[in-house]
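Per-entry structural report
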Amino acid sequence: MKKFTFPLLLCLLLCFSCNEEHEPETSCGVTEPLANLPWLKTIQVNYASAEMSEYNYIGQGSYNGETVFYLASCCPNCNWQLVTYDCSGNQIEEDHTLDDLDSKQIIWKAEDSECVFEE
């Protein structure tokens, strides 16, 4: 019986010690940027109703250590320019490309999207 007492107590201790509550990850102080940043929601609605919206998408990343949101396109026959915004909705005027952004993730694409992203 003594052989089982220590492992049993160790298991109970481990089970009850993992009681950390994780805060949801936030971007720009909100958990869901598209729903909670009005300026970004307006852009998304306009982007979704634009001509050839099936090629449009909105991403989130980091530029110079700050969270940014970018508008992009996967249109194979289009010449497009990356448009990037800070958390306040100010367009970032510095010359940069998608390769300059870190931690990129897609936060919106059209339901009928033609874009294919690596998982």
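Preceding this paragraph is the structure being described.
In short, a report on the structure. This is a predicted model, so every value here is computed, not measured. (Residues numbered from 1 in each chain as written. Predicted model: local features only at pLDDT ≥ 70, side-chain atom pairs only at ≥ 80, totals over all residues. Heavy atoms only, no water.)

Examining the overall build of the protein
- Each helix and strand in the protein was counted, giving three helices and four strands.
- When the elements of the protein are put in sequence order from the N terminus, they spell out α-α-α-β-β-β-β.
- A sequence separation of at least 24 residues applies to 50% of the contacts in the protein between residues at least 6 apart.
- Element-wise, carbon and sulfur atoms account for 50% of the exposed surface of the protein, whose accessible area totals about 9,000 Å². (Helix = DSSP H or I, 4+ residues; strand = E, 2+ residues; numbered from the N terminus. Contact = heavy atoms within 4.5 Å. Areas by Shrake-Rupley, 256 points an atom, 1.4 Å probe, with all protein chains shown as cover.)

Things to note about the sheet that holds strand β1 (residues 56-63)
- The strand order β3-β2-β1-β4 describes an open sheet built from four strands, whose pairing is antiparallel. Because the sheet does not close on itself, it has two edges, and the strands there are β3 (83-85) and β4 (102-109). Between one strand axis and the next, the sheet turns by 25° as a mean value, whatever way the strands run.
- Examined bridge by bridge, β1 and β4 share five bridges and lie antiparallel to one another. Opposite Q60, over in β4, you have Q105 as the bridge partner. (Pairing = 2+ DSSP bridges. Axes fitted to C-alpha atoms, helices over the stretch in contact; angles between N-to-C directions.)

What to know about the packing of aromatic side chains
- For the structure on display, the rule yields four aromatic pairs.
- Ring geometry for W39 and F69: centres 5.9 Å apart, planes at 70°, overall edge-to-face. Taken together, the residues W39 in helix α3 (residues 38-48) and F69 in strand β2 (residues 66-73) connect sequence positions 30 residues apart.
- Seen in terms of ring centroids, Y57 and F117 are 4.8 Å apart; in terms of plane orientation they differ by 75°. Their pairing is edge-to-face. Of this pair, Y57 sits in strand β1 while F117 sits in the segment after β4, and the two are 60 residues apart along the sequence.
- Judged by its relative accessible area of 24%, F117 falls in the partly exposed class. (Phe/Tyr/Trp six-rings, centres within 6.5 Å; stacked < 30°, edge-to-face > 60°. Buried < 20%, exposed > 50% of the residue type's maximum accessible area, 1.4 Å probe, protein only.)

Concerning the state of the cysteines
- Summed over all chains, the structure comprises three disulfides.
- Covalent S-S linkage joins C28 and C87, the inter-sulfur distance amounting to 1.8 Å. Around the S-S axis, the bridge from C28 to C87 shows a dihedral of about -70° and counts as left-handed. Of the two residues, C28 is situated in the loop between α1 (2-17) and α2 (33-36) and C87 in the loop between β3 and β4; the sequence distance between them amounts to 59 residues.
- On the basis of relative accessible area, C28 is assigned to the partly exposed category, the value being 25%.
- In this model C74 forms its disulfide with C115; the gap between the sulfur atoms is 2.1 Å. Its S-S torsion of approximately -90° makes the covalent link between C74 and C115 left-handed. Highlighted residues: C74 in the loop between β2 and β3 and C115 in the segment after β4, separated in sequence by 41 residues.
- Relative accessible area serves as the criterion here: at 28%, C74 is assigned to the partly exposed category.
- Take C115: its relative accessible area is 7%, and that puts it in the buried class.
- If the cysteines joined by disulfides in the protein are listed in sequence order, their pairing comes out as 1-5, 2-6, 3-4. (Disulfide = S-S within 2.5 Å.)

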